[in-house]
Every structure is written in C-alpha cells, then in structure tokens.
Amino acid sequence: MAVELSPELVELETRAWAEIQAGTLTAATAERVQDAVTAHAVATGGNRYELEMALKRAVRGAE
C-alpha cells in the first residue's frame, strides 16, 4: 500500500529540512512536523513510521 503525503506534510518537512541544513532547526519546528505526521497517521489509519520515512524520502531524496 502506497503512503499518501498531504501537501501540508510536505511543506512542513521542507521547512524543517531547510532549517536542518542551515543549522537553525528549532524544537518548535520539529514538534510541528512530528505532530502533523502523527495526526495524519491516525487520521488515515497508516503506520506512523512508514509515513515519516516516506515523507523524508520525498523531501530529502535518497540521503
């Protein structure tokens, strides 16, 4: 089953990834991403870990 990513999740992770690369990631940004991933997994009945990994692959590429 394919993991579906919402545009909001991609936007949040993109923002967090930019902050990570700049060395400016805040706990608040990281918490927003984690909360959104958890809420999406609960809402869709998906696996939270698989969702997070798919999101990171989509935003960060194969790193």
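Keep in mind the model is a prediction, meaning the values are calculated, not measured.

Colleague: Would you take a moment to explain the environment of V59 for this structure?
Modeller: Relative to the assigned elements, V59 resides in helix α3 (residues 48–60). Sequence-wise, V59 and V42 are 17 residues apart; in three dimensions their C-alpha atoms are separated by 21 Å. In this view, V59 contacts V10, E13, T14 and W17; residues no more than four positions away in its chain are not counted.

Colleague: Would you mind showing me how to read helix α2 (residues 27–44) here?
Modeller: Taking 1.5 Å per residue as the helical rise, α2 with its 18 residues ought to reach 26 Å, and the 26 Å between its terminal C-alpha atoms agrees with that figure. Buried within α2 are the following residues: T29, V33, V37, H40 and A41. Along α2, the residues classed as buried sweep out an arc of 105° about the axis, all on the same side. Facing away from the buried side of α2 by more than 90 degrees, the exposed set consists of A27, V42 and A43. Buried-residue contacts for α2 involve α1 (7–22) and α3.

Colleague: Please clarify how the nonpolar core should be interpreted in this entry.
Modeller: Of all hydrophobic cores here, the largest spans 10 residues; its members are L9, L12, A16, W17, V33, V37, A41, L51, L55 and V59. Those elements that place two or more of their residues in this core are α1, α2 and α3. Ranked by residue count, the leading element in this core is α1, at 4 residues. Beyond its immediate sequence surroundings of up to four residues, L55 is in contact with L5, L9, V10, E13 and V37.

Colleague: Looking at this structure, I do not really get the packing of α1 against α3. What am I missing?
Modeller: Helix-helix packing is described using two parameters, namely the angle between the two axes and the distance between the axes. Orientation of α1 relative to α3, taken along the N-to-C sense of each, is 65°, at an axis distance of 9 Å. The hand of the α1/α3 crossing is right-handed. From α1, L9, V10, E13, T14, W17 and I20 reach across to α3, where they touch L51, L55, K56, V59 and R60. In the contact of α1 with α3, the residues fall into 7 nonpolar, 1 polar and 3 charged.

Quick notes on the rules
Residues numbered from 1 in each chain as written. Predicted model: local features only at pLDDT ≥ 70, side-chain atom pairs only at ≥ 80, totals over all residues. Heavy atoms only, no water. Helix = DSSP H or I, 4+ residues; strand = E, 2+ residues; numbered from the N terminus. Contact = heavy atoms within 4.5 Å. Expected span 1.5 Å × (residues − 1). Buried < 20%, exposed > 50% of the residue type's maximum accessible area, 1.4 Å probe, protein only. Arc of directions from axis to C-beta. Core = buried A, V, L, I, M, F, W, Y, C linked by side-chain atoms within 4.5 Å. Axes fitted to C-alpha atoms, helices over the stretch in contact; angles between N-to-C directions. Left-handed = near helix turned anticlockwise from the far one by under 90°. Nonpolar A, V, L, I, M, F, W, Y, C, P; charged D, E, K, R; others polar.

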